[in-house]
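Structure assessment
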Amino acid sequence: MSAYDRFETVEVSTDLLIIGGGMAACGAVVEACHWAKKNGMKVALVDKAAMDRSGAVAMGLSAINQYVGLKDGENTLKNYVDYVRNDLMGITREDQVADIARHVDGSVHLFEKWGLPIWTDKDGKYVHEGRWQLMINGESYKVIVAEAAKNAMNEAGAELFERIFIVEPLMDGNKCVGAVGFSVREEKFYVFKAKAVMCAMGGAVHVFKPRSSGEGLGRAWYPPWNSGSSAYFTMKAGAEMTCQEVRFIPVRFKDAYGPVGAWFLLFKSRATNAEGGEYMVENRPELEKWGEYGKVKPIPANLRNWLGQMDVLDGKGPIYMRTNEAIQNIADKFKDDPKAFKKKMKELENEAWEDFLDMTISQAILWAATDTQPEEKPSEIAAAEPYFIGSHSGASGAWVSGPEDLQTAESKADYFWGYTNMSTAEGLFCAGDASGASSHKFSSGSHAEGRVAGKAAIAYIVDHNDAPNVDDGKVSELKKLILGPMDLIADNKDKTTDPHINPNYIRPKQFMLRLQKMMDEYAGGVSAQFFTSEKLLTRGMELLELLKEDSTKLGAEDLHELMRAWENIHRMWQAEAHVRTMLFREETRWPGYYFRKDIPKIDEENWKVFANCKWDPNSNEWEMIKRKIHSIF
């Protein structure tokens, strides 16, 4: 019996469908359930994993990275917008950034109300890691936020579906009317029909070859299960995408990706090359080449990366975080009191380990395995492989409508089309890593943006309360397509002595390794030192076209492998959008994230614009678009 006939079809009808279970989805469901209950509407949330430990905050965090502090008068919206604009080298949607910034403190206060321990000083004020960051005991951060989301769902009678992988959108012309996918635990195919859909399925990792290899292949800075599903879903819906060339490359403790923020901001540590030189000081003249962005404080993340990379290219690596020096400098304030000194050293040692145990346990394990005592010797840091996210220091995602009240006369025509956070596909809303051009929202801002989008989605349904028009023939076609990899292996696995090597199909892991190799070598990955060029990108595009042809031969032996097959197709689409947009933007704007060797300079005159792209479901053609940058503040 074929998988099509074997799998039960389960239909779910709702008013608002929220796809994802991370911070943005949790924010969306809390807000949406409140307004849905007032309007007699239904909400359903579907997650590939389980909400308690789903999304980028799954393992925990040691800090909340966006807190503006508006009620205390510490900062203004303009302060935060300026910070984000400068860090992204001038490319940002100021309206979206400001909208998130004016709501994010509310989300943080909710987290504390729900039970998240936020550090406070002797005066009861929040302990800041940096200007915008708050220290937390965050190992259960996501569990706490998910509990509140579930409570809101229970009060509103909302439905929660877990362990279901959403593959494709359901469309009625340009309107998104639902989604289809399958259970990763049971032989069930799900059809969700909705009056509006909220996409919050995270960003993408493992598009590029990671630094980790062998049995460590799955280790990455960003969660390895995030496979570009937000980008795929919105692109397949025909939505316009933005900033697809902006990948994020974090500098982290090497190999286990432990966070460096606390060391730089809280412990005031230095990073040096192997010769002891401080690259941020010695390479400072390089900043003059990058115009106004090289003169701002803090220095943009990509330029900080680039100054360190210059030393690596000059043979001065490895790069070290001088943890021992930082701890000693703080403890030295107590050196005249041996008892107080010993106590402070123990306190700092505990904080150093806790920074990892809150969010990156593998780094603590690596320190232990390599006999590293942070108070005694430095530890290596390195630039990671590229990631695609709209929430951290990246900006890739869907092009969405901003809030009407934050528009200028000039920006309204380009930035607003009716409902905040709605994509250019009608009825399809985006938040978190799914929405682009509004970076530096992190976990708290993603939650806040989810709240904004969830409320707007309910408002859209109030105004467009028509039953979704779903083409049953298209649903049947999608079911056959999505389950096809299982039949491909079932029909062909006995034709070779090794089921992993077969001329009739390709296994998901083999497919992923092939994608990673071509992106690494042609699109500026780790082994290429993040350098690329038109010729390399063009060749990479040729290889991606061949990979796309072979994607029809992906096979899956079981439900888990079926999920892996479709995850890799999602990654492939993210890769194509990236390469096409890198080719389109004819300049180098983000050295340290990637460097166009053939066009090595920033071009403010021609390219201080958004580079957008759009795939047409009817023609199967891509359109590349320049969009204006409007200054709101």
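Here the structure is shown first, and the text comes after it.
This structure is a prediction, so every number in the text was calculated from the model and none was measured.

1. Describing the sheet that holds strand S16 (residues 397-398)
The four strands are arranged S16-S11-S20-S21 in an open sheet whose pairing can be described as antiparallel. Both edges of this open sheet fall to S16 and strand S21 (622-627), since each of them pairs with a single strand only. In this structure, strand S11 (residues 241-242) lies alongside strand S20 (residues 610-615), joined through two bridges in antiparallel fashion. When the sheet's bridge partners are listed, Thr242 is paired in S20 with Asn612. This element, helix H18 (residues 559-584), spans S20 and S21 of the sheet and lies at about 50 degrees to S21.

2. Section: the sheet that holds strand S7 (residues 164-172)
Backbone hydrogen bonds are what pair the strands of a sheet, in a parallel or an antiparallel way. The strand order S1-S9-S8-S7 describes an open sheet built from four strands, whose pairing is mixed. The open sheet has two edge strands, strand S1 (8-13) and S7, and neither has a second partner. Recorded for the sheet is a direction-independent mean angle of 20 degrees between the axes of neighbouring strands. By the bridge criterion, five bridges tie strand S8 (residues 175-183) to strand S9 (residues 188-193) in an arrangement that is antiparallel. Across the sheet, Ala179 pairs through a bridge with Phe192, a residue of S9. Contacts from helix H6 (residues 229-236) reach S7 and S8, with the element oriented near 20 degrees to S7. This element, H18, spans S7 and S8 of the sheet and lies at about 50 degrees to S7.

3. What about the pairing of S21?
Of the pairings in the sheet, the one linking S20 to S21 comprises six bridges and is antiparallel in character. Bridging across to S21, Lys614 finds its partner in Glu623. The turn linking S20 back onto S21 is made up of six residues, and Asn620 within it adopts a positive phi angle of 60 degrees.

4. Some remarks on helix H5 (residues 141-156)
Across its 16 residues, H5 extends 23 Å between first and last C-alpha, which sits within 8% of the 22 Å expected from 1.5 Å per residue. Considered for burial, the residues of H5 that qualify are Tyr141, Lys142, Ile144, Val145, Ala146, Ala148, Ala149, Ala152 and Met153. Of the residues one or two after H5, Gly157 is the one with positive phi, at around 70 degrees.

5. Describing the pairing of strand S10 (residues 196-199)
Side chains Ala196 and Met198 of S10 all project onto a buried face; the interleaved residues Val197 and Cys199 project onto the opposite face, where all are buried too. One ladder, built from four bridges, connects strand S2 (residues 16-19) with S10; its direction is parallel. The residue of S10 that forms the bridge with Leu16 is Ala196. As paired elements, S10 and strand S17 (residues 428-430) share three bridges and run parallel to each other. The residue of S17 that forms the bridge with Val197 is Leu428.

Criteria and cut-off values
Residues numbered from 1 in each chain as written. Predicted model: local features only at pLDDT ≥ 70, side-chain atom pairs only at ≥ 80, totals over all residues. Heavy atoms only, no water. Pairing = 2+ DSSP bridges. Helix = DSSP H or I, 4+ residues; strand = E, 2+ residues; numbered from the N terminus. Contact = heavy atoms within 4.5 Å. Axes fitted to C-alpha atoms, helices over the stretch in contact; angles between N-to-C directions. Expected span 1.5 Å × (residues − 1). Buried < 20%, exposed > 50% of the residue type's maximum accessible area, 1.4 Å probe, protein only.

The quantities given are spatial measurements derived from coordinates; they are silent on function.
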